[in-house]
Amino acid sequence: MTTGAKARRGQLLSTYGIGGLFPSETTSYMIVGLDEWNENRARPVSEPRLARSLRVSDLKTPPAGTARDVPVIRFPLTQVCPSCRRIGSLPDLAKDWNVAKCAQCKDKALLTPFRLITACSKGHIDEFPYFRWLHKGTVSADGAKHEMTMTSLGRTSSLADLVLKCTCGVKPKSLDGTFGPKALAEFGTCSGARPWLGGEARQDCSEIPRVLQRGASNVWFPAVRSAISIPPYSEALAKFVDKHWISLEDPDAVTPRLIENIAKSSNGKHSAEEITAELERRRSEEKDADFSESALRRDEFSALMSGREENGIDSDFVCLPMRLDSSLPKLVTDVRKVTRLREVRALYGFSRLDGVTELGAEGLCDLSRTRQHWLPAIEVIGEGVFVALDRGELTNWSKKPFAQRRRKLLQSAADRRAAEFGRPAPRIDIVEVAVHTLAHVLIDQLSLDAGYPAASLRERLYVDDDMAGILVYTASSDSAGSLGGVASQAAKDSFATVLSEGLSRLAWCSCDPVCIESTASGTDALNLAACHACVLVPETSCELNNTLLDRALLFGTHEEGEEFEGLFSTFVAAV
């Protein structure tokens, strides 16, 4: 195991998490599993709803402070010397494991990791079989010496210009063709390697591995679930009890003396009676509570609709109802000014090649060799605007022929994608697509009016058979978007301007009519009328990876007649 790489805590959940590759100067590392993390230096994060939904007892921030808090290993081990062009494993080319310098040439040049690796859809990852790739179909003479080099022809930067050679006399061969889906089929099935869990952590795997660029975006997809802290979990008392939950979880072990001692540790903020009442509330709630992802969203929607007045600095949730401007469309039923919110994001797995996120799904990789009682998480403070929509009106609109035609196009694309991977197809909810597209319109307009970069804004969708709402908020560990600029746009006149200008501006796209007439676009054709000139936003801002978007649902298409009108066609025409 190696130390010395540096990353922010947030990156260990979103960019360089467990099983992911971390580039550092001239080498490449892989973050190892939770078994090797220094848990003693991991600070607890209080969010019991999210912890229970992920089937763990604790959430903790990634440890930081010493070089060995989050160990890493070198990956890949295959290295190339930029001076003598030798290629081989790190032990073969360097004498010192910790100093990746070529010991075979006089220049002692720093070795660079090989640019190709292999991976499969079940999450296994391994070295690229460069020796077998070059010697495929040949038989070496007995006693032949194999010293391999990789040279660049210098004509282009493509793989066809990278040529492997060997001293055994085999014909040189380029790396062209390595990215084919069956390029490694002749070499057998996947090795089942899981180096982030240790060298011996292998599984039986029947997949044919795929060749990937070491820095490709599909090498590592994080599976992250988040929750907004809502009352009573957002209150100081609930967070204090959660901090001492290990001592208080077992009712038989709780004594009046224990509660009094815990109350004293609060320095007078919480009495023994308050702690006892909070314990009773939490235990009664846990018996029949539903902590699924959909249940978390329903609870948050209810809290946002109920609102919460400012009561000092002890609460992480302040949501104020705002008066509605008469110019707003009837579809908008409520607007809330969220001046303070706390979001907790937890990493519970990862995948490769495909963005698998369902708990227990095939392809979602473990974060540790043995099941741990905790998961890495971060907490961020932000503010935003919440908009509630008329669910009944959305339901009636979704039954119209125009909405159903658009739904069938998206459903066909989803069915094709599911068939390719042998999975059940998700049911496309055209109301969710419309609400999602509206959320992107708000993000785009708020980034202009509030003065924040679009990448610092995030969406949170609340859509099921009984609710429809959008929370656009800032929640970042840095200073961008922490000054209340988004929440201020919830004011009566301000929000009316935000919505009307956002809809008017994006009713037309600079790529029209190509964009509005598109019947398949984006990843896996899961978008219709959506492009980078209109409703696509930075990937960090979108919950659904910029899929399931259709601008025509809001504004209609260019054909005339009511059967081609969108949700806001009449509103935009009147503005």
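Not measured: the values here are computed from a predicted model.

A short note on the overall build of the chain
No. 1: Scanning the chain from N- to C-terminus turns up 15 helices and 20 strands.
No. 2: A globule of 575 residues ought to have a C-alpha radius of gyration of about 25 Å, and the chain, at 27 Å, matches this closely.
No. 3: C-alpha atoms of the chain, sized along the principal axes, occupy 85 × 75 × 40 Å.
No. 4: For the chain, buried positions account for 50% of its 575 residues.
No. 5: Excluding contacts between residues fewer than 6 apart, the proportion of contacts in the chain whose partners are at least 24 apart in sequence is 68%.

Thoughts on helix α10 (residues 391-398)
No. 1: Burial in α10 covers these residues: R391, L394, W397 and S398. Buried residues of α10 fall within an arc of 125° about the axis and therefore sit on the same side.

Brief notes about the sheet that holds strand β5 (residues 72-74)
No. 1: The strand order across the open sheet built from three strands is β1-β2-β5, with neighbouring strands paired in antiparallel fashion. Two strands close off the open sheet at either side, each with one partner strand: β1 (21-24) and β5. Taking the axes of each pair of neighbouring strands and ignoring which way they run, one obtains an average angle of 40° across the sheet.
No. 2: As paired strands, β1 and strand β2 (residues 27-31) are joined by four bridges and run antiparallel to one another. In the sheet register, L21 faces β2, and the bridge partner there is M30.

Details of the pattern of salt bridges
No. 1: Per the counting criterion, the structure on display carries 24 salt bridges.
No. 2: Taking the shortest distance from any N to any O, the salt bridge between E47 and R342 comes out at 3.4 Å. Note that E47 is positioned in the loop between β3 (44-45) and α2 (48-53) and R342 in strand β17 (residues 332-351), a separation of 295 residues in sequence. A single burial state applies to E47 and to R342, both of which are buried.
No. 3: Between R551 and D512 there is a salt bridge, with its nearest N and O atoms 2.7 Å apart. Linking R551 in the loop between α13 (492-506) and α14 (552-555) with D512 in the loop between α13 and α14, this pair joins segments that are 39 residues apart in sequence.
No. 4: Look at the salt bridges and you will find they share partners, linking R43, E47, R49, E300, D316, R340, R342, E379 and R460 into a network.

Notes on the confidence of the model for the chain
Regions with low pLDDT carry predicted coordinates that are not meant to be interpreted in detail.
No. 1: In the predicted model, the chain carries a mean pLDDT of 87, and 94% of its residues have values of at least 70.
No. 2: Confidence, expressed as mean pLDDT per element, reaches its minimum in the chain at helix α8 (residues 272-288) with 72 and its maximum at helix α12 (residues 430-449) with 96.

Details of the nonpolar core
No. 1: Grouped together as the largest cluster of nonpolar side chains are 67 residues, with contacts concentrated most on L389, L503 and F568.
No. 2: Here the element with the most residues in this core is α12; it accounts for eleven residues.
No. 3: Once residues lying within four places of it in the same chain are set aside, the contact partners of F568 are P329, L331, L438, L503 and L554.
No. 4: With 48 residues, the next largest nonpolar core counts A42, W196, A223 and W374 among its residues.

Some remarks on the packing of aromatic side chains
No. 1: Tallying each qualifying case throughout the model produces eleven aromatic pairs.
No. 2: Aromatic side chains W196 and F350 sit 5.1 Å apart centroid to centroid with 70° between the ring planes, which places their arrangement in the edge-to-face category. Highlighted residues: W196 in the loop between β13 (173-174) and β14 (210-213) and F350 in strand β17, separated in sequence by 154 residues. F350 matches W196 in its accessibility class, with the two residues each being buried.
No. 3: Between W220 and F350 the ring centres are 6.2 Å apart and the planes differ by 35°, which places this aromatic pair in the tilted class. In this pair, W220 is assigned in the loop between β14 and β15 (221-228) and F350 in strand β17, connecting sequence segments 130 residues apart.

Topic: the sheet that holds strand β12 (residues 162-166)
No. 1: If you trace the three strands from one edge of the open sheet to the other, you get β11-β12-β13, paired in antiparallel fashion. A strand with exactly one partner marks an edge of an open sheet, and here the two such strands are β11 (148-152) and β13.
No. 2: As paired elements, β12 and β13 share two bridges and run antiparallel to each other. Paired with V163 across the strands is S174, a residue of β13.

Regarding the environment of D354
No. 1: Mapped onto the secondary structure, D354 falls in the loop between β17 and β18 (374-389).
No. 2: Put simply, D354 and E127 are 227 residues apart on the chain and 20 Å apart in space, counted from C-alpha to C-alpha.

Remarks on the side chain of S456
No. 1: Inspection of the secondary structure puts S456 in the loop between α12 and β19 (457-463).
No. 2: Among the polar contacts made by the side chain of S456, one reaches the main-chain carbonyl oxygen of P453 at a distance of 2.7 Å.

What about the packing of α10 against α12?
No. 1: Orientation of α10 relative to α12, taken along the N-to-C sense of each, is 115°, at an axis distance of 9 Å. Along this stretch, α10 crosses α12, giving a crossing that reads as right-handed. Where α10 approaches α12, its residues R391, L394, W397 and S398 are matched on the opposing element by I430, V431, A434 and V435.
No. 2: Looking at the contact of α10 with α12, its residues break down into six nonpolar, one polar and one charged.

What to know about unusual backbone geometry
No. 1: Here the amide bond leading from F75 into P76 is cis, since omega sits at 0°, within 30 degrees of zero.
No. 2: The amide bond that connects D512 to the next residue, P513, takes the cis arrangement and shows omega of 5°.
No. 3: Within the secondary structure, P513 sits in the loop between α13 and α14.
No. 4: One non-glycine residue, R85, lies in the positive phi region at around 70°.
No. 5: Relative to the helices and strands, R85 resides in the loop between β6 (78-80) and β7 (87-89).
No. 6: Exposure remark for R85: the relative accessible area of 24% places this residue in the partly exposed category.

How each quantity is defined
Residues numbered from 1 in each chain as written. Predicted model: local features only at pLDDT ≥ 70, side-chain atom pairs only at ≥ 80, totals over all residues. Heavy atoms only, no water. Helix = DSSP H or I, 4+ residues; strand = E, 2+ residues; numbered from the N terminus. Rg over C-alpha atoms; globule rule 2.2 N^0.38 Å. Buried < 20%, exposed > 50% of the residue type's maximum accessible area, 1.4 Å probe, protein only. Contact = heavy atoms within 4.5 Å. Arc of directions from axis to C-beta. Pairing = 2+ DSSP bridges. Axes fitted to C-alpha atoms, helices over the stretch in contact; angles between N-to-C directions. Salt bridge = Lys/Arg side-chain N within 4 Å of Asp/Glu carboxyl O. pLDDT = per-residue confidence, 0-100. Core = buried A, V, L, I, M, F, W, Y, C linked by side-chain atoms within 4.5 Å. Phe/Tyr/Trp six-rings, centres within 6.5 Å; stacked < 30°, edge-to-face > 60°. Polar contact = N/O pair within 3.5 Å; in protein donor to acceptor, adjacent residues only side chain to side chain. Left-handed = near helix turned anticlockwise from the far one by under 90°. Nonpolar A, V, L, I, M, F, W, Y, C, P; charged D, E, K, R; others polar.

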